Amino acid sequence: QVQLVESGGGLVQAGGSLRLSCAASGPTLRRYTMGWFRQATGKERELVAAIRWSDGATTYVDSVKGRFTISRDNAKNTVYLQMNMLKPEDTAVYYCAADLSLGSIPTMMAAYEYWGQGTQVTVSS
């Protein structure tokens, strides 16, 4: 059983930065893919960024490329999402998720078996 706990959300002004953390516990995650999703009010949940733990391969949604960076710390079993140059449209609940299958990085919610509780990010204009 994998448990994911997010932290680091909050209120920030446009142009500011936040770093989200996702601490994972349970079986080793070194073969898994970890993703950050977000869901704004009235919108579907979307993949923001993901990282394949084994080799560090990453993927990003176009709207955050150049602003957000996903990374992992093997020793701490933690995944981070560094968010810079935040915009009001980045406001959402951000969720950490784990995909236990091998292979390419999935972008669909259904591929991720484990989820955190979510953390609110609010960007004011």
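Our structure is the block above this text.
Residues numbered from 1 in each chain as written. Predicted model: local features only at pLDDT ≥ 70, side-chain atom pairs only at ≥ 80, totals over all residues. Heavy atoms only, no water.

Quick look at the pairing of strand β5 (residues 46-52)
- With 5 of 7 residues buried, β5 is to be regarded as a mostly interior element.
- Pairing analysis gives 6 bridges linking strand β4 (residues 33-39) to β5, with the strands arranged antiparallel. From the neighbouring strand, T33 faces β5, where its bridge partner is R52.
- Between β4 and β5, which pair antiparallel in sequence order, lie 6 residues; one of them, G42, sits at a positive phi of approximately 80°.
- Direction of pairing for β5 relative to strand β6 (residues 58-60): antiparallel, over a ladder of 3 bridges. (Buried < 20%, exposed > 50% of the residue type's maximum accessible area, 1.4 Å probe, protein only. Helix = DSSP H or I, 4+ residues; strand = E, 2+ residues; numbered from the N terminus. Pairing = 2+ DSSP bridges.)

Things to note about the sheet that holds strand β8 (residues 78-83)
- Spatially, 4 strands are ordered β1-β3-β8-β7 in an open sheet, and the strand pairing comes out antiparallel. If you trace the sheet from one side to the other, it starts and ends with β1 (3-7) and β7 (68-73), each paired once. Taken pair by pair, the neighbouring strands of this sheet meet at an average axis angle of 15°, ignoring direction.
- In this structure, strand β3 (residues 18-25) lies alongside β8, joined through 6 bridges in antiparallel fashion. Paired with R19 across the strands is Q82, a residue of β8. (Axes fitted to C-alpha atoms, helices over the stretch in contact; angles between N-to-C directions.)

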